[in-house]
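An overview of the molecular structure
What follows is the residue order along each chain.
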Amino acid sequence: MTRLGILISGRGSNLLAIADAIADGTLPDAEIAVVLSNKAEAAGVARARERGFPTHVIESKGRIRAEHDADMVARLREYKVDLVCLAGYMRVVTPIFVDAFPQRLLNMHPSLLPAFPGLHPQQQALDYGVRVAGTTVHFVDEELDHGVIIVQRSVPVLDGDDAQTLAARILEEEHTAYSEAIARVLSGKYEIRGRCYVPRDSATK
Ligand code: GRF
């Protein structure tokens with residue numbers, strides 16, 4: 001059984017979607033070992049506790065990034081976490097985190113990376129005028145919203161969209177994309193080749 005650590009900063013709908021996928025068997029052989037939030041006021045904290053997941057707040061406000069990350073990593077180790085999923089975790093992580101969980105640290109970003117990394121990606125997409133937007137689940141590396149891509153899903157940008165309507169359309173895809181990405185990583189059937197995450201037995205070019 002793979003022990004997941006889910007990190008949140010907000011409402012936690014992706015956390016609940018992962019929990020549902022485990023409960024209904026879509027994501028087998030995994031369990032949520034702990035939920036960590038860097039914000040006490042995050043709505044997802046109460047939702048995680050309602051579901052009975054061990055949940056801790058490690059406040060990041062005013063703290064040195066590396067020290068906060070070290071505390072987070074210590075907590076994850078305490079719960080013997082195998083795979084860490086950033087799910088609406090609104091904090092850039094330091095190499096401390098990346099080194100602690102090599103190829104075991106995932107993030108979801110609501111754009112089709114490498115387009116529109118960073119803050120407000122849905123608004124960035126609208127301002128740019130793209131007609132297709134989406135979401136990306138990727139491994140975390142030292143650069144923001146940059147690591148090897150595991151799963152992407154696209155959605156159309158519709159006339160009259162604003163950041164909220166586009167975000168809602170993307171979020172619907174995110175709720176299944178994250179568990180698909182986790183299942184892919186846990187399957188052991190994929191490997192990283194260059195920037196690509198490919199089936200292990202696929203031929204090299
Ligand atoms: C998602 O759109 C995710 O891609 C982004 O923040 C949002 C989190 O939503 N990083 P929730 O907290 O899981 O509801």
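The model shown is predicted, which means the values in this text are computed figures rather than measured ones.

1. Notes on the side chain of Ser 9
With respect to the element layout, Ser 9 can be found in the loop between strand 1 (2-8) and helix 1 (13-23). The contact partners of Ser 9, leaving out residues within four places of it in the chain, are Ser 37, Asn 38, Lys 39, Ala 42, Gly 88, Tyr 89 and Met 90.

2. Thoughts on the site of the ligand
Taken together, the neighbourhood of the ligand is formed by Arg 11, Gly 12, Ser 13, Asn 14, Gly 88, Met 108, Pro 110 and Glu 174. Glu 174 has a polar side-chain atom sitting 2.6 Å from an oxygen atom of the ligand. Its free accessible area being 370 Å², the ligand has 87% of it covered by the protein chains. Judged by its atoms lying within 2 Å of the grid points, the ligand is housed in the largest pocket. Its residues assigned to classes, the shell around the ligand comprises two nonpolar, four polar and two charged. In terms of domain composition, the shell around the ligand takes at least three residues from each of domain 1 (1-101) and domain 2 (108-205).

About the thresholds
Residues numbered from 1 in each chain as written. Predicted model: local features only at pLDDT ≥ 70, side-chain atom pairs only at ≥ 80, totals over all residues. Heavy atoms only, no water. Helix = DSSP H or I, 4+ residues; strand = E, 2+ residues; numbered from the N terminus. Contact = heavy atoms within 4.5 Å. Near = heavy atom within 4 Å. Polar contact = N/O pair within 3.5 Å; in protein donor to acceptor, adjacent residues only side chain to side chain. Areas by Shrake-Rupley, 256 points an atom, 1.4 Å probe, with all protein chains shown as cover. 1 Å grid on protein atoms, 1.4 Å probe; cavity = no way out; pocket = protein on both sides within 12 Å on 5 of 7 lines; lining within 4 Å. Sits in = over half its atoms within 2 Å of the grid points. Nonpolar A, V, L, I, M, F, W, Y, C, P; charged D, E, K, R; others polar. Domains from an automatic or database assignment.

As far as function goes, none of this settles anything; it's purely spatial.
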